[in-house]
Amino acid sequence: MNRSLLTIRHLDADTIHEMIDLAASFRTAIMRGETLRPKDPKVIGLLFFESSTRTRVSFEQATSYLGYRFTNFSSSGSSMSKGETLKDTILTLRSERLDGVVMRHRASGAPFLAHQLFDGHVVNAGDGEHEHPTQALGDALTVLSHLKSIQGLNVAIVGDVLHSRVARSNAWLFHKLGADVRLIGPRTLMPTHGGLLPGRIFHDLEPGIEDADVVMCLRLQKERMQDGLMTSTKEYRKMYQVNQETLRWARPGALVMHPGPLNRGVELDDFAADGPQSMILQQVENGIYVRMAALHWIFAQPQAKKAAKATEPPAEKTSKKKSSAGAKA
Ligand code: NCD
């Protein structure tokens, strides 16, 4: 079976470092204005069954920078609006001779189905309340652009953990790379089996973000909430908002992150969103480079080795460990 990127949970720390290193190398290459010319350019289907701005555009950018082509697909305007099943849609796209698919879907696990039917070469761009692996890789690249290592960091993830695939992928990634992960939020917005996530749970903001090196805010995902999960936005803001005052509990200069889109003034104030500690726009840009790395990585298999070599960027390391990213590509 060909390689896919479906979760962070199933990756080991070396592979995560390999992808971050590869992304950093692509960033250097793009900054230098280098043009990547693959000998065997791929055609990627971007299948977004849920709305997206950052993730979709950065996959489009990533595909173009790699010298690949993409075709956009959404359920409206396709045969899915005539009742075609997801299975038949994927089989159809496979026969359209796409080399790989990037998929966002409201059902947790949908990209696994695509992986089976498509024989691999699938990148999960966010599935339901499950995972969003490229978001976590981009967040890690952002942190590593400012702090030497993830090992030993205190990473506080604040907000609607229950509905957040970003929280899950980030909790796994930062835990696997040796950070102390804290998950902070009201009881109603925390998974019932919180113990299955690799992080300590806090229901109060102050002890949760105390000494945090990284404070990651999550959007309140009202579209996924059943009525009554939150007393009021006002109360949420009072108890959990990351702002100029509450940031004083974290380490001085702590990195403030948010995957976007923001509920500005709810999970964070303007200081947290736009101030000197904000990493939000860097997260967006780094999203391009990790998506280049993810696509390159899934095609960097033995049979694709020769073709992928043409896109190989100059080596750059974010991990102390010697990475095999360049050699493998
Ligand atoms: C997130 C998502 O879709 O999971 N956004 C993103 O991809 N940047 C988070 C969210 O919607 O709140």
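See the structure above.
In every chain, residue numbers begin from 1 and rise along the written sequence. Per-residue local features are limited, in this predicted model, to residues with pLDDT of at least 70; the limit for side-chain atom pairs, both in listing and counting, is 80 or more; totals at the level of whole chains, interfaces and linings are taken over all residues. Side-chain metrics rest on all non-hydrogen atoms present in the structure, leaving aside hydrogens and water.

**Q** Where do I start with the environment of Phe-299 in this structure?
**A** Strands are runs of DSSP state E lasting at least 2 residues, helices are runs of H or I lasting at least 4, and numbering of each runs from the N terminus. With respect to the helices and strands, the residue Phe-299 is situated in helix H10 (residues 280-299). Partly exposed describes any residue whose relative accessible area lies between the buried limit of under 20% and the exposed limit of over 50%, with all areas from a 1.4 Å probe on protein chains only and scaled to the type maximum. The exposure class assigned to Phe-299 is buried, which follows from its relative accessible area of 2%. When the C-alpha atoms of Phe-299 and Asp-99 are compared, they prove to be 9.1 Å apart, with 200 residues separating the residues in sequence.

**Q** Can you walk me through the packing of aromatic side chains in this structure?
**A** Aromatic rings from Phe, Tyr and Trp, with only the six-membered ring used for Trp, were paired whenever their centres fell within 6.5 Å, and each pair was classed as stacked if the ring planes differed by under 30 degrees, edge-to-face if by over 60, and tilted otherwise. Within the structure shown, the criterion is met by 3 aromatic pairs. Judged by centre distance (5.8 Å) and plane angle (70°), the rings of Phe-49 and Phe-73 are edge-to-face. Of this pair, Phe-49 sits in the loop between strand E1 (43-48) and helix H2 (54-65) while Phe-73 sits in strand E2 (residues 69-73); the two residues are 24 residues apart in sequence, bridging distant segments of the chain. In this structure, Phe-49 and Phe-73 share a single accessibility class: buried. Taking the centre distance of 5.4 Å and the plane angle of 35° together, the rings of Tyr-236 and Tyr-240 count as tilted. Of the two residues, Tyr-236 and Tyr-240 both sit in helix H8 (residues 233-240), 4 residues apart, roughly one turn of that helix. According to the relative accessible area criterion, Tyr-240 is buried, its value standing at 4%. By the criterion adopted, a ring carries a charge over it if an Arg CZ or a Lys NZ lies within 6 Å of its centre and within 35 degrees of its normal. Above the plane of the ring of Trp-297 lies Arg-3, whose end atom (NZ or CZ) is 4.1 Å from the centre.

**Q** Quick question: what am I supposed to make of the site of the ligand here?
**A** Neighbouring the ligand are Arg-54, Thr-55, Arg-104, His-132, Gln-135, Arg-165, Val-166, Arg-219, Gln-221, Pro-259, Gly-260 and Pro-261. A distance of 3.0 Å is found between an oxygen atom of the ligand and a side-chain nitrogen or oxygen belonging to Arg-104. At a separation of 2.9 Å, a nitrogen atom of the ligand approaches a polar backbone atom of Gly-260. Every accessible area reported is derived by Shrake-Rupley at a probe size of 1.4 Å, with residue values counting cover from the shown protein chains alone. Within the complex, the protein chains bury 94% of what would otherwise be the 320 Å² of accessible surface of the ligand. Taken together, the residues of the shell around the ligand break down into 3 nonpolar, 5 polar and 4 charged. Where each domain begins and ends is defined by an automated method or by a domain database. When residues of the shell around the ligand are sorted by domain, at least three fall in each of domain 1 (13-131 + 287-304) and domain 2 (147-278). A single heavy atom is enough: if one lies within 4 Å of a molecule or strand, its residue is considered near that molecule or strand. Polar contact is the term for a pair of N or O atoms within 3.5 Å; when the atoms are in protein, one must be able to donate a hydrogen and the other to accept it, and sequence-neighboring residues count only if both atoms are side-chain atoms. Gly falls in the polar group here, along with every residue not listed as nonpolar (Ala, Val, Leu, Ile, Met, Phe, Trp, Tyr, Cys, Pro) or charged (Asp, Glu, Lys, Arg).

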